[in-house]
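Remarks on the overall topology
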Amino acid sequence: MGKGIHVQELPGIGKRYDVDLGSNTQRISIVVRRDGARDLYVFAAGVDDPVAVIEMSEEQARKVGALLAGTYFTE
């Protein structure tokens, strides 16, 4: 996968993508489940447990992805 993204197979669940945000204080992981749902985990510096977990349907994740990619605009 691309530079700064580590992929791990989660047997029976899906795949986990750990994203390097270029800072020791910022870390996120995204789990893409086999059923299409996504889980976004946000970690604080030096903490092993996530400080926030956001569960999204496939459709919700696509909307958020479009916003982050800059492909969705309103005026």
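Quick notes on the rules
Residues numbered from 1 in each chain as written. Predicted model: local features only at pLDDT ≥ 70, side-chain atom pairs only at ≥ 80, totals over all residues. Heavy atoms only, no water. Phe/Tyr/Trp six-rings, centres within 6.5 Å; stacked < 30°, edge-to-face > 60°. Lys NZ or Arg CZ within 6 Å of the ring centre and 35° of its normal. Pairing = 2+ DSSP bridges. Helix = DSSP H or I, 4+ residues; strand = E, 2+ residues; numbered from the N terminus. Axes fitted to C-alpha atoms, helices over the stretch in contact; angles between N-to-C directions. Contact = heavy atoms within 4.5 Å.

- The name given to the protein in an unreviewed UniProt entry is Potassium transporter TrkA, and the organism recorded there is Micromonospora endophytica.

Some words on the packing of aromatic side chains
- Going through the model one piece at a time under the given rule, you end up with zero aromatic pairs.
- Taking the ring centre of F43 as reference, the NZ or CZ of R27 above it sits at 3.8 Å.

A closer look at the sheet that holds strand β2 (residues 14-20)
- In space, the five strands of this open sheet follow the order β1-β2-β3-β4-β5, with antiparallel pairing throughout. For this open sheet the edge positions go to β1 (5-10) and β5 (52-56), each flanked by a neighbour on one side alone. The average undirected angle you get between the axes of adjacent strands in this sheet is 15°.
- The pairing of strand β4 (residues 38-43) with β5 spans five bridges and is classified as antiparallel. Looking across to β5, one finds that D39 is bridged to E55.
- Sheet strands touched by helix α1 (residues 58-69): β4 and β5. Its angle to β5, the strand with the most contacts, is close to 110°.

Focus: the pairing of β2
- Inspection of the sheet shows β1 paired to β2 by six bridges, in the antiparallel sense. Within β2, the residue paired with Q8 across the bridge is R16.
- Adjacent in sequence and paired antiparallel, β1 and β2 are bridged by three residues, among which G12 carries a positive phi angle near 80°.
- Sheet topology places β2 next to strand β3 (residues 27-33); seven bridges connect them, and they run antiparallel. Looking across to β3, one finds that D20 is bridged to R27.
- Hairpin connection between β2 and β3: a loop of six residues separates the two successive antiparallel strands, and G22 in this loop has a positive phi of roughly 75°.

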